[in-house]
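What follows is each chain in one-letter form.
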Amino acid sequence: MSILDKVTGKDEQEKDTHAVVPIPERLRKNEKIIIITADNTEDIEFFYPYYRLTEAGYTVDVVTPEGGKFEAKHGLGLKQTKAIAAVRPEEYALLYIPGGKAPEELRKNDKVLQFVKEFARSGKPIAAICHGPQVLISANLVKGKQLAAWPEIGKEIEQAGGTFVDEALVIDGQFITGRKPGDLHRHLYGVLEYLKGNISNESRSERKSSAA
């Protein structure tokens, strides 16, 4: 059996090859992170933060509208996720929303939008990349905010009262956003530094940071 067959779950008798090995107690953080996604998310925009945040010691819960398995845009995925109705915002230190085509479906789901709104009211950080900010737009959270996103939805951000910033990492208050897969290394740097308390809760973009 090839590695690809295992990763894509073609052999149902095999264990899920994306199941994360438990974090050693000495490395485990007490905080949990939630990633909300759905079918047709961009594979790398899900798996890069999923593994990077786990590597950093966080427990990462993957949540989809109904729970169960999901398949990303290019065939990767997970066999098991939690349903949005089974989780509560107060359980998590950060919400992450990957891009691809999944946000277009997530933004139509009232339970997802309600969760995102409640999470935003807590003041805790929300990270989104590529098309992920579409969920924030539908949750009415972008007015007066600077956000990075896939350039094609820049106009949508502007129409919702926000400001589109064409940069790899934009942090405005609790929102941490990026444009595309190529920005993931910068985006996750910003997310992890924010969680460590090394980046203050202020309006900030890559350009502003470098000019400071």
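For clarity, every value in this text was computed on a predicted model and none was experimentally measured.

## Description of the pattern of salt bridges
Thought 1: Following the criterion strictly, the structure yields twelve salt bridges and no others.
Thought 2: Arginine 88 is paired through a salt bridge with glutamate 91; the nearest N and O atoms lie 3.4 Å apart.
Thought 3: You can call arginine 88 partly exposed: its relative accessible area is 45%.
Thought 4: Looking at glutamate 91, the relative accessible area reads 24%, which means it is partly exposed.

## Brief notes about unusual backbone geometry
Thought 1: We note that cysteine 130 has phi near 60°; this positive angle belongs to a residue other than glycine.
Thought 2: Among the structural elements, cysteine 130 can be located in the loop between β7 (126–129) and α5 (133–138).
Thought 3: Here the phi dihedral of asparagine 140 falls at roughly 60°; this positive angle occurs in a residue that is not glycine.
Thought 4: Residue placement: asparagine 140 occurs in the loop between α5 and β8 (146–147).
Thought 5: Using a relative accessible area of 63% as the deciding quantity, one classes asparagine 140 as exposed.

## Considerations on the environment of glutamine 159
Thought 1: Relative to the helices and strands, glutamine 159 is located in helix α6 (residues 154–159).
Thought 2: As a C-alpha pair, glutamine 159 and valine 142 span 17 residues in sequence and 9.9 Å in three-dimensional space.

Rules used in this analysis
- Residues numbered from 1 in each chain as written.
- Predicted model: local features only at pLDDT ≥ 70, side-chain atom pairs only at ≥ 80, totals over all residues.
- Heavy atoms only, no water.
- Salt bridge = Lys/Arg side-chain N within 4 Å of Asp/Glu carboxyl O.
- Buried < 20%, exposed > 50% of the residue type's maximum accessible area, 1.4 Å probe, protein only.
- Helix = DSSP H or I, 4+ residues; strand = E, 2+ residues; numbered from the N terminus.

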